[in-house]
Amino acid sequence: LLLHNFLTMYFKFLVLALISAAFYANGVIFYLISKDHFSFSKITTFAVVFGVFSLSIIALVVVLLSMCLLIKWIIIGDFHKLHSIGLIAVDSWHSFKWGLCNLVVHGASKFPLMLLDEFWLTATFWKLMGAKIGTNTLIDPNVLIYEADLLEIGDNCRIEEESTLLCHKFNDGGLKLDKISIPSLCSLHARSVIFPESKITELNTTVHPLTPINPGETISAGHWQGSPPERVEVSNDAGIVTMSTSTRRASISADELV
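My aim in this report is to walk through the structure given alongside it, one point at a time. Just so we're clear, the structure is a prediction, and the values are computed from it rather than from any experiment.

Rules used in this analysis
- Residues numbered from 1 in each chain as written.
- Predicted model: local features only at pLDDT ≥ 70, side-chain atom pairs only at ≥ 80, totals over all residues.
- Heavy atoms only, no water.
- Helix = DSSP H or I, 4+ residues; strand = E, 2+ residues; numbered from the N terminus.
- Buried < 20%, exposed > 50% of the residue type's maximum accessible area, 1.4 Å probe, protein only.
- Contact = heavy atoms within 4.5 Å.
- Areas by Shrake-Rupley, 256 points an atom, 1.4 Å probe, with all protein chains shown as cover.
- Pairing = 2+ DSSP bridges.
- Salt bridge = Lys/Arg side-chain N within 4 Å of Asp/Glu carboxyl O.
- Expected span 1.5 Å × (residues − 1).
- Patch = residues over 30% accessible without salt bridge, like charges linked within 9 Å, V, L, I, M, F, W, Y side chains within 5 Å.

1. So, the overall build of the chain
Across its full length, the chain carries six helices and 20 strands. Counting all 258 residues of the chain, 43% fall into the buried class. Sequence-distant contacts in the chain: of pairs separated by 6 or more residues, those separated by 24 or more amount to 42%. Accessible area for the chain stands at about 14,100 Å²; split by element, carbon and sulfur atoms hold 63% of it.

2. Some details on the sheet that holds strand β12 (residues 193–194)
With parallel pairing, four strands are arranged side by side in an open sheet as β4-β7-β12-β15. Edge positions in the open sheet fall to β4 (144–145) and β15 (212–213), since each of these has one partner strand only. Pairing geometry for β12 and β15, over two bridges, is parallel. In the strand pairing of β15, isoleucine 194 is matched with isoleucine 213.

3. Section: the pattern of salt bridges
As enumerated under the stated definition, the model contains five salt bridges in all. Among the salt bridges present, the one from lysine 72 reaches aspartate 149, with a minimum N-O distance of 2.6 Å. Taken as a pair, lysine 72 in helix α2 (residues 42–75) and aspartate 149 in the loop between β4 and β5 (151–153) lie far apart in primary sequence, 77 residues in all. Here lysine 72 matches aspartate 149 in class, with each residue buried. For lysine 176, the salt bridge goes to glutamate 197, with nearest N and O atoms at 3.4 Å. Within this pair, whereas lysine 176 is found in strand β9 (residues 174–177), its partner glutamate 197 is found in the loop between β12 and β13 (199–200), the two being separated by 21 residues in sequence.

4. Quick notes on helix α4 (residues 93–116)
Helical geometry note: an α-helix holds 3.6 residues per turn, so side chains three or four residues apart project in the same direction. When the terminal C-alpha atoms of α4 are compared, their 35 Å separation across 24 residues agrees well with the 34 Å that a helix rising 1.5 Å per residue should span. Once α4 finishes, aspartate 117 follows within two positions and takes phi at roughly 55 degrees, a positive value.

5. Focus: a nonpolar patch on the surface
Taken together, the side chains of Leu55, Ile58 and Val62 present a nonpolar region at the surface, about 300 Å² in accessible area. Along the polypeptide, isoleucine 58 turns up in helix α2.

These results come straight from atomic positions and should not be treated as a statement about function.
See the structure below:
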């Protein structure tokens with residue numbers, strides 16, 4: 001635990017130092033120019049300052065995201081290896097590496113992804129981290145994705161802000177990893193949560209805000225809301241959305257009832 005906290009704190013300071021260096025580089029260049037170290041006109045001065053600022057931001061994004069990729073492959077490699085182990089003791093070396101990797105990746109990737117806020121960048125980053133993401137799928141930069149190797153998202157999906165795709169759970173006294181698969185044409189609204197061993201079986205499934213799909217629950221096409229999730233009927237009349245709840249709830253596997 002002490003080693004874990006030390007490495008986490010050290011990495012946070014490193015990320016903060018890189019962010020500070022990227023922004024202060026612009027101030028240093030402006031200071032040198034203003035002190036007549038360089039004989040530039042005003043237009044050239046602003047052009048140089050703007051160019052340095054843009055390059056420093058790009059460099060910061062590249063460095064932080066590359067650092068995430070490198071650390072993930074050094075510490076874990078592929079999360080399928082941990083998945084194949086089955087139940088992992090919480091005090092084991094594998095559990096230590098799992099926790100450290102997740103803290104480092106999310107600590108370093110959140111700022112650059114939210115800074116640029118580009119769907120293509122977010123999708124490309126998580127693909128490089130191991131996730132299978134289809135074409136035209138839009139993922140907000142502050143979506144929480146854990147164990148990207150175990151995640152598969154189809155085409156034309158929409159994953160909104162602060163949704164969580166959780167490919168692990170603590171059960172039976174240990175850590176267990178499992179896959180998540182989201183079919184094409186599905187939408188996860190803000191702050192919805194998809195847990196491992198839950199199933200979305202059909203296209204055109206919408207999970208409404210603050211709705212968790214828990215382990216063992218299965219949902220199909222339609223709109224789902226609440227905890228436990230219930231199918232809701234959505235009607236749109238003159239731009240006003242109203243909902244009426246049906247009696248059908250997400251089905252739960254027999255294993256979860258034991």
